[in-house]
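Observations on chain architecture
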Amino acid sequence: MVQTNQYQDICILRLSAIGDVCHAVSAVQAIQRHNPKAQITWVLGKVEAMLLADLPGIKFVIFDKKQGKVAYKKLKSEFKGKKFDVLLHMQVALRANIAAAYIPAKVKMGFDWSRCKEGHSIFTNKRIAAQSEPHVLEGFQGFTKAIGVPHYEPSWQMPYSENDLAFANKTLGDFDTPNKKIFVISAAASKKERNWLPERYAALAQHAYKKGFKVVLTGSPVDMEKALASDIQSHCDFGILNLVGKTNLKQLLCILKQADLVLAPDTGPAHMAVTVNTPVIGLYAHSNPKRTGPYNYQGYAVEVYHKNLKAQFGKTAAQLPWGKRCKGKDLMSQIQIKDVVEMFDRIVSEKDILESA
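Presented here is a report on the structure given in the accompanying data block. (Residues numbered from 1 in each chain as written. Predicted model: local features only at pLDDT ≥ 70, side-chain atom pairs only at ≥ 80, totals over all residues. Heavy atoms only, no water.)

Next up on the list: the sheet that holds strand β11 (residues 280-284). One open sheet accounts for six strands, arranged β9-β8-β7-β10-β11-β12; its pairing is parallel. Both outer strands of the open sheet, β9 (241-242) and β12 (302-303), are each paired with one neighbouring strand and no more. Relative to the sheet, helix α6 (residues 162-173) contacts β7 (181-186), β8 (213-218) and β9, its axis offset from that of β8 by approximately 125°. Across the face of the sheet, helix α9 (residues 249-258) comes into contact with β7, β8 and β10 (261-264) while running at roughly 135° to β7. (Pairing = 2+ DSSP bridges. Helix = DSSP H or I, 4+ residues; strand = E, 2+ residues; numbered from the N terminus. Contact = heavy atoms within 4.5 Å. Axes fitted to C-alpha atoms, helices over the stretch in contact; angles between N-to-C directions.)

With that out of the way, let us pick up the environment of Pro 134. Here Pro 134 shows up in the loop between β6 (126-127) and α5 (136-146). On a C-alpha basis, the gap between Pro 134 and Lys 290 in space is 7.8 Å, while along the polypeptide they are 156 residues apart. If near-sequence neighbours (up to four positions away) are discounted, Pro 134 is found in contact with Arg 115, Gly 139, Arg 291 and Trp 322.

Another aspect to go through is α9. With respect to burial, α9 is a largely interior element, eight of its 10 residues being buried. Among the residues making up α9, those that are buried are Leu 249, Lys 250, Gln 251, Leu 252, Leu 253, Cys 254, Ile 255 and Leu 256. Regarding α9, its N-cap is Asn 248, as a side-chain oxygen of that residue lies 3.1 Å from the backbone nitrogen of Lys 250 further along. (Buried < 20%, exposed > 50% of the residue type's maximum accessible area, 1.4 Å probe, protein only. Polar contact = N/O pair within 3.5 Å; in protein donor to acceptor, adjacent residues only side chain to side chain.)

Turning to the sheet that holds β6, a few remarks are in order. Taken together, the six strands give an open sheet; going across it, the order is β3-β2-β1-β4-β5-β6, and neighbouring strands pair in parallel fashion. Two strands bound the open sheet, and with one partner strand each, they are β3 (58-63) and β6. Bridge count for strand β1 (residues 9-13) against strand β2 (residues 39-45) is five bridges, and the pairing is parallel. Among the inter-strand pairings, Asp 9 is bridged to a residue of β2, identified as Gln 39. In the packing of helix α1 (residues 18-34) onto the sheet, contacts are made with β1, β2, β3 and β4 (84-89), and the angle to β2 comes to roughly 175°.

Everything listed here is a matter of coordinates, which is why it stays silent on function.
What follows is the structure, encoded as structure tokens:
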């Protein structure tokens, strides 16, 4: 039986992405609850650090992938003369595997053999137990279990300031509409092919508005996201609050916290919403929502993944390597408005959202 107190100096390696580091926060905070004396260092990406900055009890070491070889040299310098009790190596990407080589630790804990990719096993000397069809978050729970943390229900204490919350309240409060409840559409994923059609987002916006919701668009300042938001607005005949490119990550977190319902494809803000207990309708065609969907709201996913998996490979998810992705630029167009509207209405009813206005 592993005793947690044998690991007092712990390093977490999870560089990206926003959704995945949100999953990892629940694991890190479970470790803190079970072993409050543990010293925890987290190596993560520059953008992800903007969201997690000020997370209590954590020392962050930033790995900026844009610096190339310099980023690895900085890791080597940062940890010179250091040796952690354990490294929890929570990422199989090649750059993370190479980064692990520069983090000295007595134990380097990695994924089980079935999830080892891109040389992951070379950079670890112990592995977590194999799991059957785990969600990404449950994979991280495997690391906590491996160092003696009892099973826990995921929870989050996300870091944001009073100013961040005040910004969200003022921004939403200044939006001139008689509607009281807030429906956030975080429309863009990192890859354009994972986005739903703008006119269909607009149809959901229209439906939400008629049901008594303020409609808010959120996203990053990249051109693709701005263009998608503008396209959505062009299909609506009522006022939408367009915050795309107008918030930092902590302000966005607080917008999502104040929302009553979120609609999003396979993108980081969907998981940010989970951390602040806001229900999410996830839209999935390329990846399995049981593996990458909004964790506490997997039952709210509207998906065409499984039928595409069967069409492309002739097999079910259970018959293929877990996490197998579907390919195609137009798969998201198979998600129908009526199915998303039905899910919207179901959640509003189940959560008594309008009744509590």
